[in-house]
Amino acid sequence: MLKSLIVAFSLLAAGPALAQHAHGAQKGPNGGPLEDVAGVHAELVVSGETLTFHVVDEAGKPVDTAGFTGSAMLASGADRKTIQLTAGGQTLAGKAPSTIVKGTAVTLLIKTPAGKSGQAKFTTP
């Protein structure tokens, strides 16, 4: 009986984690980490102070970001910053006040033109 309860609880607890469909260590076409968010996939690419999120669909085809809005929250140690992102072509991009270091936690918040919103978490490579 106890074993059955433990198995049932484990399956219930694991359900939300399995449903999220995260890519984990999967890399995008530009070599950055790739995550699902708001019905699309976002790939993080960092260069100096610039954060760029390449947006693609389920098939890996670029998505036009016209009408998308977004921001990125950066956390490195006790330092926290929020950066507004600008849509352009197939990307959302923004500039931090200083160089973004490896291992920075990045939370992407986006809203699509259809009103779908979501967030994804990354760690800078």
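What you are looking at is a predicted structure, and each value in this text was computed from that prediction instead of being measured.

Calculation notes
- Residues numbered from 1 in each chain as written.
- Predicted model: local features only at pLDDT ≥ 70, side-chain atom pairs only at ≥ 80, totals over all residues.
- Heavy atoms only, no water.
- Pairing = 2+ DSSP bridges.
- Helix = DSSP H or I, 4+ residues; strand = E, 2+ residues; numbered from the N terminus.
- Axes fitted to C-alpha atoms, helices over the stretch in contact; angles between N-to-C directions.
- Core = buried A, V, L, I, M, F, W, Y, C linked by side-chain atoms within 4.5 Å.
- Buried < 20%, exposed > 50% of the residue type's maximum accessible area, 1.4 Å probe, protein only.
- Contact = heavy atoms within 4.5 Å.

Notes on the sheet that holds strand S6 (residues 91-95)
At step 1: Taking strand neighbours across the sheet as the criterion, the eight strands line up as S1-S2-S3-S6-S5-S4-S7-S8 in an open arrangement whose pairing is antiparallel. The open sheet has two free edges, formed respectively by strand S1 (34-37) and strand S8 (117-123), since each of these has just one partner strand. Between one strand axis and the next, the sheet turns by 25° as a mean value, whatever way the strands run.
At step 2: Bridge count between strand S4 (residues 69-76) and strand S5 (residues 79-88): seven bridges; the pairing is antiparallel. Bridge pairing links Ala-72 to Ile-83 in S5.

Re the nonpolar core
At step 1: Core analysis: the biggest nonpolar cluster contains 22 residues, and Val-37, Leu-51, Phe-53, Leu-108, Ile-110 and Phe-122 have the highest contact counts within it.
At step 2: Going through the elements one at a time, strand S2 (40-47), strand S3 (50-56), S4, S5, strand S7 (105-111) and S8 are the ones with two or more residues in this core.
At step 3: Not counting the four nearest positions on each side in its chain, Phe-122 is found in contact with Pro-33, Leu-34, Glu-35, Ala-42, Leu-44, Phe-53, Thr-104, Ala-105, Val-106 and Leu-108.

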